[in-house]
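If you want the building blocks of each chain, they are given just below.
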Amino acid sequence: MVDQGSNTSEATQSSASPAQTKKADPDLASKLLTGEVAGVTLKKLDELPDLDSALKGADAQIEPAGCLNTGITQLEAGATAVTQTGVVSLLLSSDSAAPGKYKEYAQKCSSASGTVAGSPVKQNIEQQQAPAVEGVNDLVAATVSSESTINGKAMNTKAYLLIGSVNGNTVVAQSMTLKGGEPSSETVTELFKAQVEKIKG
């Protein structure tokens, strides 16, 4: 009976693996949404942010260790829109494992603090109930609030983000407020859904 059990689990693993090794779309960047979407005007980014190590090169001391790395890598394209309260962004990654890595990061770093260039920083991440989006795997929703001091000025940001994979690619949609106030989860959900539809074709 034990043998049968291990065979079954092996079969399950092998049947699950093709979905995970599915190749990312070589034309992923061409499927990026730009222009008027969900009430914002998205402009393509010429330079993509390094989401996995945003503070690379800075003198950053953050606890728990590893909380500078979000797990979101292999970015292929991105767009951003400036709103009255902050910034909305949409990013495409060819790493279908990014949502799982981000979820681990969100759990490990739900409360992180330390200093960047000698100034105090604090960040809290709360996972939220993700909306239902057809055809998306590993959908993660989170709010990220951070407090920091830059050049002697207090800066508080709050973001709502959705990250999930579709057809072997990952979509990240985020709304960040720079002056307090709640980021718009509705805008993020609309953007995310529209981008997923475009990738699904």
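In this text the structure is predicted, and so the values were computed from the model without any measurement.

Undergrad: Provide a residue-level description of the overall build of the chain, including the pertinent values.
TA: Scanning the chain for helices and strands turns up three helices and 10 strands. Counted from the first residue to the last, the chain has its helices and strands arranged as α-β-β-β-β-β-α-β-β-β-β-β-α. Split into buried and exposed, the 201 residues of the chain put 37% on the buried side. A fraction of 59% describes how many contacts in the chain between residues 6 or more apart in sequence connect residues 24 or more apart. About 11,200 Å² of surface is accessible on the chain, with carbon and sulfur atoms providing 49% of the total.

Undergrad: Could you give me a rundown of the packing of aromatic side chains, with the residues and numbers involved?
TA: Enumeration according to the criterion identifies one aromatic pair in this entry. Aromatic pair Tyr102 and Tyr105: ring centres 5.4 Å apart, planes at 50°, arrangement tilted. In this pair, Tyr102 and Tyr105 are both assigned in helix α2 (residues 98-108), three residues apart and thus about one turn of the helix distant. Judged by relative accessible area, Tyr102 falls into the buried class, the value being 3%. On the accessibility criterion, Tyr105 (8% relative accessible area) is buried.

Undergrad: Explain α2 residue by residue, including any values.
TA: Burial in α2 covers these residues: Ala98, Pro99, Tyr102, Tyr105 and Ala106. Taken down its axis, α2 places every buried residue within 120° of arc, on the same side. In this structure, the buried side of α2 is in contact with β7 (119-128), β8 (137-150), β9 (153-166) and β10 (169-177).

Undergrad: Can you explain helix α3 (residues 185-200)? Please cite residues and give values.
TA: The first and last C-alpha atoms of α3 sit 22 Å apart over 16 residues, in line with the 22 Å expected at 1.5 Å per residue. Every buried residue belonging to α3 is among Thr187, Val188, Thr189, Leu191, Phe192, Gln195, Val196 and Ile199, and all of these are buried. Buried residues in α3 make contact with β1 (35-37), β2 (40-44), β5 (86-93), β8, β9 and β10. Gly201, located one to two residues past α3, shows a positive phi value of around 65°.

Undergrad: Run through the state of the cysteines, naming residues and quoting values.
TA: In total, this model carries one disulfide according to the counting rule given. Shown here is the disulfide that connects Cys67 with Cys109, its sulfur atoms set 1.9 Å apart. One quick way to see it: the torsion about the S-S bond of Cys67 and Cys109 is about -90°, and its sign makes the bridge left-handed. With Cys67 in the loop between β3 (60-63) and β4 (75-82) and Cys109 in the loop between α2 and β6 (111-116), this pair connects stretches of sequence that are 42 residues apart. One exposure class covers both Cys67 and Cys109, and it is buried.

Undergrad: Now, about the environment of Glu63: what can you tell me, with residues and values included?
TA: By the secondary structure assignment, Glu63 is in strand β3. Beyond its immediate chain neighbours, meaning those up to four positions away, Glu63 contacts Ser111, Ala112 and Ser113.

Undergrad: A description of the pattern of salt bridges should follow, citing residues and the corresponding values.
TA: For the coordinates displayed, the defined rule picks out three salt bridges. Residue Lys158 pairs with Glu182 through a salt bridge whose shortest N-O separation is 2.9 Å. Of this pair, Lys158 sits in strand β9 while Glu182 sits in the loop between β10 and α3; the two residues are 24 residues apart in sequence, bridging distant segments of the chain. Residue Lys158 is classed as partly exposed on the basis of its relative accessible area, which comes to 27%. Of the charged contacts, one joins Glu197 and Lys200 as a salt bridge, the two residues approaching to 3.5 Å between their closest N and O atoms. Placement of both Glu197 and Lys200 in helix α3 is noted, with a separation of three residues, approximately one turn of the helix. Look at Lys200 and you get partly exposed, because its relative accessible area is 33%.

Undergrad: Give a description of the pairing of β5 that names residues and reports values.
TA: Of all eight residues in β5, seven are buried, a share of seventy percent or more. Taken together, the seven bridges between β4 and β5 define a ladder with antiparallel strand orientation. The partner of Val82 across the bridge, within β5, is Val87. Between the antiparallel neighbours β4 and β5 lie three residues. Direction of pairing for β5 relative to β10: antiparallel, over a ladder of eight bridges. Opposite Val87, over in β10, you have Met176 as the bridge partner.

The rules we used
Residues numbered from 1 in each chain as written. Predicted model: local features only at pLDDT ≥ 70, side-chain atom pairs only at ≥ 80, totals over all residues. Heavy atoms only, no water. Helix = DSSP H or I, 4+ residues; strand = E, 2+ residues; numbered from the N terminus. Buried < 20%, exposed > 50% of the residue type's maximum accessible area, 1.4 Å probe, protein only. Contact = heavy atoms within 4.5 Å. Areas by Shrake-Rupley, 256 points an atom, 1.4 Å probe, with all protein chains shown as cover. Phe/Tyr/Trp six-rings, centres within 6.5 Å; stacked < 30°, edge-to-face > 60°. Arc of directions from axis to C-beta. Expected span 1.5 Å × (residues − 1). Disulfide = S-S within 2.5 Å. Salt bridge = Lys/Arg side-chain N within 4 Å of Asp/Glu carboxyl O. Pairing = 2+ DSSP bridges.

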